[in-house]
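Below are the chains, spelled out letter by letter.
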Amino acid sequence: MITKLSFRQLLLGVFLLIALLLSASSILALITLDQLAAHSRETGRDAVALTANAQRLAERSVAMERSARQFLVLNDPVFRERYAEAWRDAQAALDAIAGSLPNAQASAFDDWRRHGETAWQALEMPRARRSARQQLLNSALLRLPAINEELASEVKLEVDRRNNEVLRELEARRHTMTGLTAGSIGLAAILAFGFGVWLARPLKQIEDAVSQLGGNRYDLPIEVEGPHDLRRLGLHLDWLRQRLSALEADKARFMRHISHELKTPLAALVEGVALLEDEVAGPLAPNQREVAGILRQNTVSLQTQIEDLLRYNAAAFEAQRLQREHADIRPIVERVVDSQRLQWQARGLTVSIEGDAPPVPVDADKLAVAISNLLSNAARFSPERGEIRFVIALHRKLLYLDCIDRGPGIAPADTEHIFEPFYQGERQPPGARRGNGIGLSIVREYVNAHGGRLRLIPSSQGAHFRIELPYE
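Residues numbered from 1 in each chain as written. Predicted model: local features only at pLDDT ≥ 70, side-chain atom pairs only at ≥ 80, totals over all residues. Heavy atoms only, no water.

> Could you give me a rundown of the overall build of the chain, with the residues and numbers involved?
A count of helices and strands for the chain gives 11 helices and seven strands. For the chain, buried positions account for 36% of its 472 residues. Summarising the internal contacts of the chain: among those between residues at least 6 apart in sequence, 69% fall at separations of at least 24. Per element, the accessible surface of the chain, about 27,400 Å² overall, is 57% carbon and sulfur. (Helix = DSSP H or I, 4+ residues; strand = E, 2+ residues; numbered from the N terminus. Buried < 20%, exposed > 50% of the residue type's maximum accessible area, 1.4 Å probe, protein only. Contact = heavy atoms within 4.5 Å. Areas by Shrake-Rupley, 256 points an atom, 1.4 Å probe, with all protein chains shown as cover.)

The structure is reproduced here in structure tokens:
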């Protein structure tokens, strides 16, 4: 189902999924904060109401005592009514406090009510019993302040308990939200990374396919996985591979045919020029012999160019058909150096081999051809009694094979074209026949076929070529 979606649709889907995840986390955080704020407001209102009721109870208790004592002195019923009114207000405050203090001892509330009722009974006693009434009222009213203090302490403890409960809940919600936020961010990161890796895989396959086509590797089919639009692009690239492979085959076939067609009349020309120079058709005048020499020189040059062209096309064709096996690089280099010993010893050159590396899967014969071309090129440009060095080394997952000489080096203008077929650089060895310009091209063909790279390393003296082969 996922592979039926396009790359853009999947990218948009992943973005929306991550945005939805983070939005849900944010909304939940807002809801939690709103709940905490509402709870905090409610706790604050309850604390204010509880404190106000405790204060009102204390004030009404004072009003009750004042009204009761004024009634005892003046015997005015108005003061008794004031006592009754203050008593009712105090009882209402007491009931409110009792409802808000479920854990408080009920004896305090019962004592307060009992003493208030006793004081009222004292006010209801006949005036003739003034002494007894005074004594009863004093015993009742003197106990109320102590009870009020006790209830005020209970109120303060209850307010502190509720505030601490709010703080604990806030801390618990904070930990919960921290975990939820961290989990959401972590999950979003995992989703982003997972989809990124999954979506990057077909892009890497496309990149490898383009590199494969750029390296003239038309023998390996191109397959791209992932969204359908990228798979469709992979199909187009594979069609392009097949088309380029067919064109390459047509080019090779054309080169073989045209070379064959050219070699036949050219062989006749060479034979004819040889017969003329041998005076088989009769003696030649000096001018005629000079013309025959020019013809021979140009036919030989043309024959060499045709053979070089065939050799380069054969190398490009063979580069696509490697026979890999694990082989040591140093013995291959030693075999190549030994095979050209007469060539470099004739010019008094010294060839050294440094370093070593474990076996690597290569086509030993084709790699030997590449190394042979590097050695021939270095020997051709090296001064007499010069030095040529081969250095073998490992660097991360690459095997390096460096070829270093002490010749004139590569001109700056040639660095961009030195590996192009039939390109000849500016700095040619004095007195030597100009090369055909395909040696380094063949080296690059064989190195690219191995999945490696041929590089020209900047050097203060001479030329420094490096073969880089993938090494596991």
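> How would you summarise the pairing of strand β7 (residues 464-470) if you had to cite specific residues and measurements?
Counting buried residues along β7, six of its seven residues qualify, which places the element largely inside the surrounding structure. As defined by bridge partners, strand β5 (residues 398-404) adjoins β7 across seven bridges and the pair is classed as antiparallel. Across the sheet, L398 pairs through a bridge with P470, a residue of β7. Bridge count between strand β6 (residues 453-456) and β7: four bridges; the pairing is antiparallel. Across the sheet, R453 pairs through a bridge with E468, a residue of β7. (Pairing = 2+ DSSP bridges.)

> Describe the nonpolar core, and please don't skip the residues or the numbers.
With 42 residues, the main nonpolar core has I388 and F390 as its most contacted residues. At the level of elements, α8 (329-339), β2 (350-354), β3 (360-362), α10 (364-381), β4 (387-395), β5, α11 (439-449) and β7 are the ones that each hand at least two residues to this core. The dominant element in this core, judged by the number of residues it contributes, is α10, at nine residues. In this structure, F390 is in contact with V333, V337, V351, S352, I353, E354, I371, L375, L401, D402 and C403, ignoring residues within four places of it in sequence. (Core = buried A, V, L, I, M, F, W, Y, C linked by side-chain atoms within 4.5 Å.)

> Lay out the environment of V159 in plain terms, naming residues and giving numbers.
Looking at the element boundaries, V159 is found in helix α5 (residues 144-214). Counting along the chain gives 58 residues from V159 to L101, while the straight-line C-alpha distance between them is 9.8 Å. Discounting chain neighbours no more than four positions away, the residues touching V159 are A47, L50 and T51.

> Run through the sheet that holds β5, naming residues and quoting values.
Spatially, β2-β4-β5-β7-β6 is the arrangement adopted by the five strands of the open sheet, whose pairing is mixed. Each edge of the open sheet carries a strand with a single partner, namely β2 and β6. On average, each strand axis in the sheet is tilted by 15° relative to the strand beside it, whichever way the strands run. Sheet strands touched by α8: β2, β4 and β5. Its angle to β2, the strand with the most contacts, is close to 170°. Strands in contact with α10 are β2, β4, β5 and β7; relative to β4, the strand with the most contacts, it is inclined by about 140°. (Axes fitted to C-alpha atoms, helices over the stretch in contact; angles between N-to-C directions.)

> Tell me what's going on with the side chain of D402, and back it up with residues and numbers.
Tracing the chain through its elements places D402 in strand β5. Among the residues examined, D402 registers a relative accessible area of 8% and is labelled buried. Among the polar contacts made by the side chain of D402, one reaches the side chain of H464 at a distance of 3.1 Å. A distance of 2.9 Å separates a polar atom in the side chain of D402 from a polar atom in the side chain of R466. Beyond its immediate sequence surroundings of up to four residues, D402 is in contact with R389, F390, V391, H464, F465 and R466. (Polar contact = N/O pair within 3.5 Å; in protein donor to acceptor, adjacent residues only side chain to side chain.)

> Summarise the pattern of salt bridges; cite the residues concerned and give the values.
Opposite charge on two side chains permits them to pair, given that their charged atoms come into close proximity. According to the stated counting rule, one finds 13 salt bridges in the structure shown. Where E165 meets R161, a salt bridge forms, and the shortest distance between an N and an O atom there is 3.5 Å. Within this pair, E165 and its partner R161 are both found in helix α5, separated by four residues, close to a single helical turn. Owing to a relative accessible area of 34%, R161 belongs among the partly exposed residues under this scheme. Salt-bridge contacts for D338 lead to R341; the nearest nitrogen and oxygen are separated by 3.2 Å. (Salt bridge = Lys/Arg side-chain N within 4 Å of Asp/Glu carboxyl O.)

> An account of the side chain of D363 is requested, with residue identities and associated values reported.
For D363, the location among the structural elements is in the loop between β3 and α10. Apart from the residues lying within four places of it in its own chain, the contact partners of D363 are R321, L322, Q323, R324 and H450.

> A description of the pairing of β4 should follow, citing residues and the corresponding values.
Looking at chain direction, β2 and β4 are connected through five bridges and run parallel. Bridge assignment links V351 to a residue of β4, and that residue is I388.

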